[in-house]
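What the coordinates show
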Amino acid sequence: MRRPTFGYARPAALAPLLLGALLAGAGLTGCSDEPEATSALTVRVLVRDINIREEGVDCAGTGPYLFIHNRAAYRVVDGDGETLTDGKLPPGTSVRTFQEDLEVARIPTYCEFAIPVRVPERDRYRLVIDDRAPIDLTANNDEGPALVAVVPS
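This report concerns the structure included in the present document. Computed from a predicted model, the values in this text were never measured in an experiment.

Focus on the packing of aromatic side chains
Enumeration according to the criterion identifies 0 aromatic pairs in this entry. Here Arg132 stacks its cationic end above the ring of Phe67, 4.2 Å away from the centre of that ring.

So this is what it looks like as structure tokens:
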């Protein structure tokens, strides 16, 4: 003899629906598929190699900083070492070491690299170039939102 259902679904028929609802609910409260918000800023690396060059020309690090050059692999990492963004360095540009006019074409310069990036908000940022030791980055908004490294620090 069959039991009347009085218009309600049978328990066996409800099981797949309840399981689906539970899994859907777990997805809503678990991991989010939305990407973390990021901010556009510039990573500025100033290589204090004091090389004699013309101001405003393409350059690369010299001496012990030869690894800092156009197309060198870089990573911006957070304080835990998690990679936030990576890529290849753009060409550097020579900037004068001091403001005094020496009245000559070639002057003591530093090599500056400006890398546009998008990174999430973190308490600490570091720059890794060519898998070398991380270089601390400091927030500096003098010329727009930037993270700055001076090598050597």
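Some details on unusual backbone geometry
Cis peptide bonds are those with omega within 30 degrees of zero, and the linkage from Val151 to Pro152 qualifies with -10 degrees. Along the chain, Pro152 turns up in the segment after β9 (146-151). Unlike most non-glycine residues, Asp130 shows phi in positive territory, near 55 degrees. Locating Asp130 in the fold gives a position in the loop between β7 (125-129) and β8 (135-140). On the basis of relative accessible area, Asp130 is assigned to the partly exposed category, the value being 39%. With phi around 55 degrees, Asp131 is a residue other than glycine that occupies positive phi space.

What counts and how
- Residues numbered from 1 in each chain as written.
- Predicted model: local features only at pLDDT ≥ 70, side-chain atom pairs only at ≥ 80, totals over all residues.
- Heavy atoms only, no water.
- Phe/Tyr/Trp six-rings, centres within 6.5 Å; stacked < 30°, edge-to-face > 60°.
- Lys NZ or Arg CZ within 6 Å of the ring centre and 35° of its normal.
- Helix = DSSP H or I, 4+ residues; strand = E, 2+ residues; numbered from the N terminus.
- Buried < 20%, exposed > 50% of the residue type's maximum accessible area, 1.4 Å probe, protein only.

As far as function goes, none of this settles anything; it's purely spatial.
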